[in-house]
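Observations on the model geometry
Read off the chains here:
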Amino acid sequence: MELYTPETLISEEEIIQRIDALGKAITQNFEGQDLIVICVLKGAFMFCSDLIKRINLPLKLEFISLSSYGDSTQSSGSVRLEMDITANIEGKNVLIVEDIVDSGLTIKILMEIMSVRKPKEVRLASLLFKPSKLKHPVRIDYLGFEIEDKFVIGYGLDYAGRYRELPYIGVLNAGN
Ligand code: PRP
C-alpha cells in the first residue's frame, strides 16, 4: 500500500497553539472545581490527550464510543452507543471532548444520554466545526476551528479507519 500524504489544512503548530488557549479558558471557567472529561472515541483521542495536558484542574478521564459514519464519508443518520463511560456523573461538572461537529447528531444524542444522568453542568469542547453541515443546533463552549465543507482527516479523524495518526488536519482529495 502506497503512503499518501494529504494536503495540510491546519498545521500541528496551529492546533497546539489553539489547544493552549482552550485549556486556559477551561481552567479559568472551572476554577476551584473538579471535572469529568469525556473523550468521544475514536476521533477525539488525540485532541483530548493534548487538551487535558493543558487543563490545570483535578480531573477524571472517561471514554465513550459512538459511531455514525461506518466506512463512508457521509453520516449514516443514526448513532450507535458502542461503549459507555464507567463513572457516575450525577452532580458533577462534565466536559465532553469531540473532534468534530458536523451534522450535530452525535452531540445531540450524547447530550440526551448525559442529561438523564443529572450532571451539574455539561460543556462541550470540539476541535472542529463544519457549520455548513449542521442539522441539529449545538452549543460549542470551546471551539478549536470552524472549517469549510471538506472531508478532513488526521489528528484523530479517519477515512475508513485510516489517517488518524497524522499530527495535523489534512484534506482528503478525490481518488485517494
Ligand atoms: C465522527 C466524529 C464525531 C461525529 C460528528 O465520528 O468523531 O463524533 O462523527 O458527526 P455528526 O456531527 O454528523 O454526528 P464517527 O462516527 O466517524 O466515529 P469515530 O470518531 O470513531 O471515527
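Right, let's get into the sheet that holds strand β9 (residues 169-171). Sheet architecture is open: 3 strands sit in the order β1-β9-β8, paired in antiparallel fashion. A single partner strand is all that each edge strand has here, and the edge strands are β1 (7-10) and β8 (152-153). With 2 bridges joining them, β8 and β9 adopt antiparallel strand pairing. When the bridges of β9 are listed, I153 appears paired with G170.

Okay, the pairing of strand β6 (residues 121-129) next. Along any regular strand the residues' side chains alternate between the sheet's two faces. Counting buried residues along β6, 8 of its 9 residues qualify, which places the element largely inside the surrounding structure. With 8 bridges joining them, strand β5 (residues 93-101) and β6 adopt parallel strand pairing. Note on β6: the bridge partner recorded for V101 is F129. This β-α-β element, β5 to helix α3 (residues 105-115) to β6, shows right-handed connectivity. Two elements, β6 and strand β7 (residues 142-146), share 4 bridges in a ladder whose sense is parallel. Bridging across to β7, L128 finds its partner in F145.

Here we come to the side chain of D99. By the element assignment, D99 lies in strand β5. Salt bridges are absent for the buried D99, whose nearest opposite-charge side chain, R164, sits at 5.8 Å.

With that settled, the discussion passes to the nonpolar core. Counting 29 residues, the largest nonpolar core has F47, L51, L95, L128 and I169 as the members making the most contacts within it. Broken down by secondary-structure element, the contributors of at least two residues to this core are α1 (12-29), β2 (35-41), α2 (45-52), β5, β6 and β7.

Thresholds, definitions, all that
Residues numbered from 1 in each chain as written. Predicted model: local features only at pLDDT ≥ 70, side-chain atom pairs only at ≥ 80, totals over all residues. Heavy atoms only, no water. Pairing = 2+ DSSP bridges. Helix = DSSP H or I, 4+ residues; strand = E, 2+ residues; numbered from the N terminus. Buried < 20%, exposed > 50% of the residue type's maximum accessible area, 1.4 Å probe, protein only. Right-handed = clockwise from strand over helix to strand, strands pointing away. Lys, Arg positive; Asp, Glu negative; His and termini not counted. Salt bridge = Lys/Arg side-chain N within 4 Å of Asp/Glu carboxyl O. Core = buried A, V, L, I, M, F, W, Y, C linked by side-chain atoms within 4.5 Å.

Taken by themselves, the reported measurements are silent on function.
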